[in-house]
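# Examining the three-dimensional arrangement
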Amino acid sequence: MSPLSPSPSPSPSLSPALPLEGLAAIVTGAGRGLGRAEALELARLGAAVVVNDYGQPGRDGSGEASATPAEEVAAEIRAAGGTATAHTGDVADHQQARELVELAIAEFGRLDILVNNAGILRDRMVFSMSEGEWDAVIRVHLKGHFNTTRFAAAHWRERAKATGAPVYGRIVNTSSEAFLAGSAGQPNYAAAKGGIVGLTTSTALALAKYGVTANAICPRARTRMTEDVFQDFQQPEEGEAGLDPLAPEHVAPLVGYLASPAAELVNGQLLVVHGGMVAVVERPRVAAKFDSKQDTFTYDELDALLTPHYAKRPTGETFAAAEVLGLKRG
């Protein structure tokens, strides 16, 4: 039997208290920040969790890899009475991503939930960015999401074909408002996060018949990776009541919900989440349509149609949805 082959497994829990009981999850980049909060939440809801983190100390992916971050979070879950194991491989490496999926199946006898969160930042304006800075961010974010998705999807498809019935599968991918709003100093990051949305919607359509859903979130959180980005955002003073509006714990419950049986009808969606707020993002819609008067357009005809159309549009308006940056809890 292949390491990715199906094995008998119980049905998902219907318990409101532990909706993920009996399920197994992978969370990538779970040694710190958002991934850690998400892994803890999935465990709290009853899932057995593979905590993945390559463990490099630099937010740009620099420094020696370390097993400590993943192992500490796995130990934290076990100390709270949950089930967890650590995986310290690099999800941007195709073979190591395969080994991650195989580990979940070998350790827990199944895989039901994949949360892709691992990422790095190498910010630079497009006219200053090096090839290495571009490649590194695309590799970790976009290729890393693809790698784990590819092997999890193959496992679920094989299970569904073996049983002749849909299986239980949930993918939660991590995009960003940088993609939605067009972050000027992050062309590599914005492109990777936009690519992740495309990967998510494609995966959602490809795997729906097997019982698998795929959704993407755009979280806003104060973590090691974003500490300077949000340094001017107010946070509670020491001793002051209340959770930091940008705490990762605001994001984790949505991940838990999307991973649960309750989210069966949520598929191929994009949601913004932070500070006690969730916004469902509408898919793009056609704003205007023009038809040529002959077989094909001429330059003059396009000039006559498009130039006045854009002259009426607000100056500086692009396809980017900068208004999402103003979303907050009402």
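Residues numbered from 1 in each chain as written. Predicted model: local features only at pLDDT ≥ 70, side-chain atom pairs only at ≥ 80, totals over all residues. Heavy atoms only, no water.

Looking now at the overall build of the protein chain. Each helix and strand counted, the protein chain has 8 helices and 8 strands in total. The burial tally for the protein chain puts 47% of its 330 residues in the buried class. Counted over contacts in the protein chain with a minimum sequence separation of 6, partners at least 24 positions apart contribute 70%. Surface accessibility of the protein chain: about 16,500 Å² in total, with carbon and sulfur atoms responsible for 54%. (Helix = DSSP H or I, 4+ residues; strand = E, 2+ residues; numbered from the N terminus. Buried < 20%, exposed > 50% of the residue type's maximum accessible area, 1.4 Å probe, protein only. Contact = heavy atoms within 4.5 Å. Areas by Shrake-Rupley, 256 points an atom, 1.4 Å probe, with all protein chains shown as cover.)

So, on to the confidence of the model for the protein chain. The predicted coordinates should not be examined in detail at positions where pLDDT is low. Confidence along the protein chain averages 90 in pLDDT terms, with 89% of residues attaining 70 or more. Low pLDDT, under 50, characterises residues 5-10; the stretch is placed with 15 contacts to residues that sit more than four places away or in other chains. (pLDDT = per-residue confidence, 0-100.)

Here we take up the nonpolar core. Core analysis: the biggest nonpolar cluster contains 33 residues, and Leu42, Val49 and Val51 have the highest contact counts within it. Those elements that place two or more of their residues in this core are strand E1 (24-27), helix H1 (33-44), strand E2 (48-52), helix H2 (68-79), strand E4 (113-115), helix H7 (252-258) and strand E7 (270-274). Ignoring anything within four residues of it in the chain, the contact list for valine 51 reads Val27, Ala30, Ala39, Ala70, Val73, Ala74, Ile77, Thr85, Ala86 and His87. Among the nonpolar cores identified, the runner-up in size contains 23 residues, and Leu100, Phe151, Trp156 and Ile171 belong to it. (Core = buried A, V, L, I, M, F, W, Y, C linked by side-chain atoms within 4.5 Å.)

Pairs of aromatic rings are described using the distance from one ring centre to the other and the angle between the two planes. Enumeration over the complete set of coordinates arrives at 0 aromatic pairs. Taking NZ or CZ as reference, arginine 170 lies 4.2 Å from the ring centre of tyrosine 168, over its face. (Phe/Tyr/Trp six-rings, centres within 6.5 Å; stacked < 30°, edge-to-face > 60°. Lys NZ or Arg CZ within 6 Å of the ring centre and 35° of its normal.)

A few words now on the environment of arginine 313. Relative to the helices and strands, arginine 313 resides in the segment after helix H8 (299-311). Arginine 313 gets classed as partly exposed once you look at its relative accessible area, which sits at 30%.

Turning our attention to the side chain of arginine 220. Tracing the backbone shows arginine 220 in the loop between strand E6 (212-219) and H7. Arginine 220 sits in the buried class, given a relative accessible area of 8%. One polar contact links arginine 220 to glutamate 177, side chain to side chain, over a distance of 2.7 Å. A polar side-chain atom of arginine 220 sits 3.3 Å from the main-chain carbonyl oxygen of leucine 325. (Polar contact = N/O pair within 3.5 Å; in protein donor to acceptor, adjacent residues only side chain to side chain.)

Our focus in this paragraph is the sheet that holds strand E8 (residues 277-280). Strands sit in the order E3-E2-E1-E4-E5-E6-E7-E8 across an open sheet of 8 strands; the sheet is mixed. In this open sheet, the two strands that pair with only one neighbour each are strand E3 (84-87) and E8. Here the average twist between neighbouring strands, direction ignored, is 20°. As defined by bridge partners, E1 adjoins E4 across 3 bridges and the pair is classed as parallel. Its bridge partner being in E4, isoleucine 26 is matched across the sheet by leucine 114. Those strands touched by H1 are E1, E2, E4 and E6, and its axis lies near 175° from that of E1. In the packing of helix H3 (residues 94-108) onto the sheet, contacts are made with E1, E2 and E3, and the angle to E3 comes to roughly 160°. (Pairing = 2+ DSSP bridges. Axes fitted to C-alpha atoms, helices over the stretch in contact; angles between N-to-C directions.)

Throughout the structure, instances matching the rule amount to 10 salt bridges. When the shortest N-O distance is used, the salt bridge between glutamate 41 and arginine 44 registers 3.0 Å. In this pair, glutamate 41 and arginine 44 are both assigned in helix H1, 3 residues apart and thus about one turn of the helix distant. With relative accessibility at 12%, the residue glutamate 41 sits in the buried group. What makes arginine 44 exposed here is its relative accessible area of 53%. Here arginine 110 makes a salt bridge to aspartate 112, at a shortest N to O gap of 2.5 Å. Aspartate 112 shares its class with arginine 110; the two are buried. (Salt bridge = Lys/Arg side-chain N within 4 Å of Asp/Glu carboxyl O.)

Taking 1.5 Å of rise per residue, the 12 residues of H1 would be expected to cover 16 Å, and the 17 Å separating its terminal C-alpha atoms lies within 8% of that figure. Looking only at H1, the buried set comprises Leu34, Gly35, Ala37, Glu38, Ala39, Glu41, Leu42 and Ala43. Tucked into the core, H1 has its buried residues touching E1, E2, H2, E4, E6 and H7. Within two residues after H1, glycine 46 carries a phi angle of roughly 110°, on the positive side. (Expected span 1.5 Å × (residues − 1).)

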